[in-house]
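Here is how the chains run, residue by residue.
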Amino acid sequence: MSTSAGPASAPTAAPLSLVEAASTSAAWPFEEARKLVARVERTGQTQVLFETGYGPSGLPHIGTFGEVARTTMVRRAFETLTHGRIKTRLIAFSDDMDGLRKVPDNVPNKEMLTQHLGKPLTQVPDPFNKFESFAHHNNAMLRDFLDRFGFDYEFASSTDYYSSGRFDAALLHMLARFEAVQRIMLPSLREERASTYSPFLPIHPRTGVVMQVPLESSDSQAGTITWRDPGTQELFVTPVTGGRCKLQWKPDWAMRWYALDVDYEMAGKDLIDSVKLSANIVRALGGVPPEGFNYELFLDEKGQKISKSKGNGLTIEEWLTYASPESLSLFMFQKPREAKRLHFDVIPREVDEYLQFLAGYQKQDWKQRLGNPVWHIHEGAPPEPETLQDATGAAPATAVSFAMLLNLAAVANSEDPAVLWGFLRRYAPSASRETHPRLDKLVGYAVAYFRDFVRPAKTYRLPDEDERAALEKLDAMLAALPQGASGEDVQTALYDVARPIPRYQDMKSKGATPERPGVSNDWFNMLYQVLLGENRGPRFGSFVALYGVPETRALIAKALSGALVAEHAAFLEGRAA
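The structure presented is a predicted model; accordingly, all values stated were derived computationally and were not measured.

A. How the structure looks around the sheet that holds strand β1 (residues 47–54). Across the sheet, 3 strands lie side by side as β1-β2-β3; this open sheet has parallel pairing. Each having just a single partner strand, β1 and β3 (154–157) make up the two edges of the open sheet. In this sheet, adjacent strand axes meet at a mean angle of 30° when their direction is disregarded. Summarising the sheet, strand β2 (residues 87–94) and β3 pair through 4 bridges and their orientation is parallel. Residue Phe93 lies in a different strand from β3, and its bridge partner there is Ala156. In this fold helix α3 (residues 62–81) packs onto β1 and β2, with an angle of close to 170° to the strand it touches most, β1.

Next comes the structure, spelled out in structure tokens:
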């Protein structure tokens with residue numbers, strides 16, 4: 001028994017279990033998943049259906065991927081909260097029965113496509129001459145990139161569902177509720193359009209065009225609509241079933257939710273009003289609209305909305321040329337309710353942030369892990385980070401950043417992955433492409449990004465007199481380092497070189513004293529600008545350890561002689577020729 005008179009220490013709280021942490025996690029996928037848990041508790045249902053929609057009027061873009069990725073994150077969060085006891089499915093639904101409204105900017109054979117405007121996309125020839133229709137081509141691309149990312153989904157075609165009769169019962173039900181649907185839709189339309197609006201669009205039996213025409217009448221008992229060809233004035237009676245008619249897109253969205261019992265679908269912020277209208281139509285049909293949330297849109301480098309038909313912004317292929325799929329998933333996970341610019345400049349940051357999140361995951365408890373993007377990116381099973389151990393084995397194992405690899409490529413002026421691996425193996429002799437396959441891919445991404453973006457944009461400058469003197473002192477410091485000095489040793493020496501130079505002193509830094517001033521960022525900014533041609537860069541001591549002390553001294557000599565500036569000027573001149 002303790003005889004201490006002091007207060008007893010409070011018992012340490014037991015770490016939260018995975019499900020306990022999930023039940024209170026502030027990560028947005030768990031916030032969304034809890035809405036579905038409440039829905040299941042209300043209904044007693046034993047299955048939950050997630051849906052994403054895709055309009056194949058243009059080539060799939062990153063926004064399409066983002067919707068599937070984010071929906072999958074909510075799906076996995078829901079499965080965690082429910083211990084996997086509720087079956088889940090994800091349908092990737094292609095609205096390929098829509099009429100081709102305009103010819104996309106980013107496809108060949110535009111003149112051919114103009115001859116098929118208005119026809120369902122599955123009836124429009126493929127401008128790439130690879131598939132039976134334009135929709136089949138774009139659907140194949142959609143499925144290809146979803147498969148490449150390993151998504152668990154079921155593909156669904158609007159044309160197949162309409163023509164096979166799967167939607168017939170829902171279409172007849174909507175025809176019986178025709179006036180209720182009109183009461184919801186008409187107030188949302190301009191007066192001119194409202195006067196001719198019909199939720200049902202017949203497919204012309206002769207031209208195959210999706211007709212935007214007013215109805216003469218509708219017959220819910222017969223399951224038909226009557227309409228007149230505006231060109232010939234011929235009267236047609238068309239069944240709403242069997243793929244001979246389709247719905248305007250907002251009633252179509254609602255009918256799909258109703259017919260398939262969709263429980264969850266997210267949409268872009270530009271569709272907030274459309275979601276409300278479609279939800280009201282579902283209620284008018286006697287159904288329950290799905291849960292979901294509205295995400296912000298992706299913008300290109302000019303701040304314009306990314307469009308499939310314009311082809312602005314990045315494609316999936318472009319991102320994957322320069323960075324890993326995981327970095328793209330991170331971009332989708334972060335702040336989905338904020339508009340984000342999606343262009344090449346964001347790639348290096350996303351790659352390195354992913355690596356940082358992955359490095360921190362193993363040290364976290366469940367509450368922290370569930371807020372860590374890598375848990376969601378890897379569906380609860382993130383891999384161990386790949387690290388390098390230096391030749392001495394004395395320094396802690398470290399991960400190599402994308403920024404570090406870009407700078408190694410930059411100082412070597414090399415577009416050869418083998419050159420970068422030469423630096424890595426010299427630092428960590430036991431590392432190889434076989435032992436570090438993800439690092440090997442990172443090297444390849446870095447070389448491609450350096451080739452296409454970094455090297456052309458580099459701006460070297462000559463040092464002024466004060467900077468020349470500082471670089472000469474840095475060179476002398478490097479010469480005096482013992483062989484095999486670690487990155488931390490180099491970093492300490494870097495500070496020691498700059499500390500006595502008034503230009504680089506920072507008396508406001510933490511722990512700074514007159515006897516031992518702090519070192520300002522101006523010192524490192526100068527090193528990046530003069531030696532690397534960049535405004536920012538990696539931790540410089542770690543860079544020197546990887547690149548090599550003799551090689552860094554040679555780099556300083558080239559900077560002092562003006563050779564770096566001259567060589568880059570020659571490169572730019574040759575590129576422009």
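Still to come is the rest of the account.
B. Quick look at unusual backbone geometry. Even without being a glycine, Asn129 presents a positive backbone phi close to 55°. As for its position among the elements, Asn129 is in the loop between α4 (110–114) and α5 (134–148). Given the relative accessible area of 65%, Asn129 is considered exposed. Here Asp261, not a glycine, exhibits a phi torsion of approximately 60°, which is positive. As for its placement among the helices and strands, Asp261 is situated in the loop between α10 (249–260) and β9 (267–268). When its relative accessible area of 57% is taken as the criterion, Asp261 is described as exposed.

C. Summary view of the packing of helix α17 (residues 402–412) against helix α19 (residues 437–457). Taken N-terminus to C-terminus, the directions of α17 and α19 make an angle of 55°; their axes are 9 Å apart at the nearest point. Considered as vectors, α17 and α19 are oriented oblique to each other. As α17 packs across α19, the resulting crossing turns out to be right-handed. Facing Phe402, Leu405, Leu406, Ala409 and Ala410 of α17, the residues of α19 in contact are Leu439, Leu442, Val443, Tyr445, Ala446, Tyr449, Phe450 and Val454.

D. The packing of α17 against helix α18 (residues 417–427), seen in detail. Two elements in contact, α17 and α18, have axes separated by 10 Å at closest approach and are oriented at 110°. Relative to α18, the element α17 is oriented roughly perpendicular. Along this stretch, α17 crosses α18, giving a crossing that reads as right-handed. Taking contact as the criterion, the partners of Leu405, Leu408, Ala409 and Ala412 in α17 are, on α18, Val419, Leu420, Phe423 and Leu424. Looking at side-chain class alone, the contact of α17 with α18 contains 8 nonpolar, no polar and no charged residues.

Rules of the game
Residues numbered from 1 in each chain as written. Predicted model: local features only at pLDDT ≥ 70, side-chain atom pairs only at ≥ 80, totals over all residues. Heavy atoms only, no water. Pairing = 2+ DSSP bridges. Helix = DSSP H or I, 4+ residues; strand = E, 2+ residues; numbered from the N terminus. Axes fitted to C-alpha atoms, helices over the stretch in contact; angles between N-to-C directions. Contact = heavy atoms within 4.5 Å. Buried < 20%, exposed > 50% of the residue type's maximum accessible area, 1.4 Å probe, protein only. Parallel < 35°, antiparallel > 145°, perpendicular 65-115°, else oblique. Left-handed = near helix turned anticlockwise from the far one by under 90°. Nonpolar A, V, L, I, M, F, W, Y, C, P; charged D, E, K, R; others polar.

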